[in-house]
Amino acid sequence: MRVLLTGSAGFIGTAIGSLLEKTGHEVVRVDALLPMAHGSSAPAPPDTHLLDVRDAGAWGDLLDGVDAVCHQAAVVGAGVTVADLPLYAAHNDLGTAALLAAMSAHGVSRLVLASSMVVYGEGRYVCEAHGDRVPPARSRAALDAGDFENHCDLCGGALAWATVAESARLDPRSSYAASKVAQEHYASAWARQADATAIALRYHNVYGPHMPADTPYSGVAAIFRSSLERGEAPQVFEDGGQQRDFVHVDDVARANLAALEATADRSPGSLAAYNVASGNPVTISEVASLIARGAGHEVAPVVTGRYRIGDVRHVVASPVLAEKELGFRAEVLPEIGLPAFATAPLRPAAG
């Protein structure tokens, strides 16, 4: 299989490209090397076409002879400020639309898209008395009072979290999340209009070797590690009880390989979405403790009680459908992968 891989020089793209080549596939690498992710002087890796997906129509000849596209290129993060909105819209939304148009023009009809669990917004919640409930956004007054849980809109009781299936409603809570939903919608429309096949992989929190070092757009695992390297205790927001799933980058690469192979056998005309998760959720406090243990630090994380408006309380996706339909099951559990991450090589901070 000849695969065009966008975002090939990134943290996840590098792992995918390596696995594809190890399994006998040919990879056409494309990356814009955006300074915010790679630094202002990062050289292009070997065999990488230094190109911007927003200009895909101009470099579409790279799509000649390609069997499938694995689209990882994106501006990532939660959206640090409102000023980031045009950045996400340009690179994620317009970039995806331009790539899909170029794929159609060159007869490429198989796509695997990097999506994210952030499309769900809050996770799934269940009231003991009233079953599944959709809680409203947590109020500033409740957060100021240290009440971080979501509550039933009927009885006011605390809601228990449950795993989120791919059929859940989409409710983006940040500019980044809105752009990932838009990418999925563009891919879905393209699949119908072009009689093509699209698979969206909704990653949970990805971590692992060569993850970017501490930046405003880094994942929390990298931020915790950077704190420990500075001799500081990791700062945990809220009460540290937020449930998340952390999936190793090697497992994410395996999920992409499974999805790319699956596109050859799917009936065209629609998009299928799959959660990519370890299936073993942990609290944010546990994440900090596991990384500290791996680094040989006895320091306990500091639970600050601080919060960010727009953050969700719990979101844990169900891995069942990905295992059933893609044959994908994560191999690296957080209790093994997170301590190992504490001493894994990182990509230098962009600068």
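If you're wondering where the values come from, they're calculated on a predicted model, not measured in any experiment.

Trainee: Can you break down the sheet that holds strand β9 (residues 197–203) residue by residue, with the values?
Mentor: Pairing in this open sheet of seven strands is parallel, and the strands run β3-β2-β1-β4-β5-β9-β14 from one edge to the other. Strands with a single pairing partner mark the edges of an open sheet, and in this sheet they are β3 (48–50) and β14 (270–276). Taken pair by pair, the neighbouring strands of this sheet meet at an average axis angle of 20°, ignoring direction. Bridge analysis of strand β1 (residues 2–6) against strand β2 (residues 26–31) gives five bridges, and the strand direction is parallel. Note that in β2 the partner of leucine 5 across the bridge is arginine 29. Against the sheet, helix α1 (residues 11–22) touches β1, β2, β4 (68–71) and β9, its axis set at about 165° to β2.

Trainee: I'd like a description of the sheet that holds strand β8 (residues 160–162), backed by residues and values.
Mentor: Spatial ordering of the open sheet is given by β7-β6-β8, a layout of three strands whose pairing is antiparallel. A strand with exactly one partner marks an edge of an open sheet, and here the two such strands are β7 (131–133) and β8. With strand direction ignored, the average angle separating the axes of adjacent strands in the sheet is 45°. One ladder, built from three bridges, connects strand β6 (residues 124–127) with β7; its direction is antiparallel. Its bridge partner lying in β7, valine 126 is registered against aspartate 132.

Trainee: Residue-level account of unusual backbone geometry, with values.
Mentor: If you check the backbone angles, histidine 210 has positive phi at about 70° while not being a glycine. Along the polypeptide, histidine 210 turns up in the loop between β10 (205–207) and α6 (220–229). With a relative accessible area of 43%, histidine 210 lands in the partly exposed category. A positive phi angle, close to 55°, is found at glutamate 238, a residue other than glycine. In this fold, glutamate 238 is placed in the loop between β11 (235–236) and β12 (243–244). Assessed through its relative accessible area of 2%, glutamate 238 is described here as buried.

Trainee: I'd love a proper account of helix α8 (residues 284–294), names of residues and values included.
Mentor: Considered for burial, the residues of α8 that qualify are Ile284, Ser285, Val287, Ala288, Leu290, Ile291 and Ala292. Phi turns positive one or two residues past the end of α8, at glycine 296, with a value near 80°.

Trainee: Please provide a residue-by-residue account of the packing of aromatic side chains, values included.
Mentor: Evaluated as defined, the whole model comprises three aromatic pairs. Measuring from centroid to centroid gives 6.0 Å for tyrosine 207 and phenylalanine 341, while their planes differ by 80°, and the two rings are edge-to-face. Taken as a pair, tyrosine 207 in strand β10 and phenylalanine 341 in helix α10 (residues 334–341) lie far apart in primary sequence, 134 residues in all. One exposure class covers both tyrosine 207 and phenylalanine 341, and it is buried. Ring pairing ties together the aromatic residues Tyr207, Phe246 and Phe341, which thus form one cluster.

Conventions used here
- Residues numbered from 1 in each chain as written.
- Predicted model: local features only at pLDDT ≥ 70, side-chain atom pairs only at ≥ 80, totals over all residues.
- Heavy atoms only, no water.
- Pairing = 2+ DSSP bridges.
- Helix = DSSP H or I, 4+ residues; strand = E, 2+ residues; numbered from the N terminus.
- Axes fitted to C-alpha atoms, helices over the stretch in contact; angles between N-to-C directions.
- Contact = heavy atoms within 4.5 Å.
- Buried < 20%, exposed > 50% of the residue type's maximum accessible area, 1.4 Å probe, protein only.
- Phe/Tyr/Trp six-rings, centres within 6.5 Å; stacked < 30°, edge-to-face > 60°.

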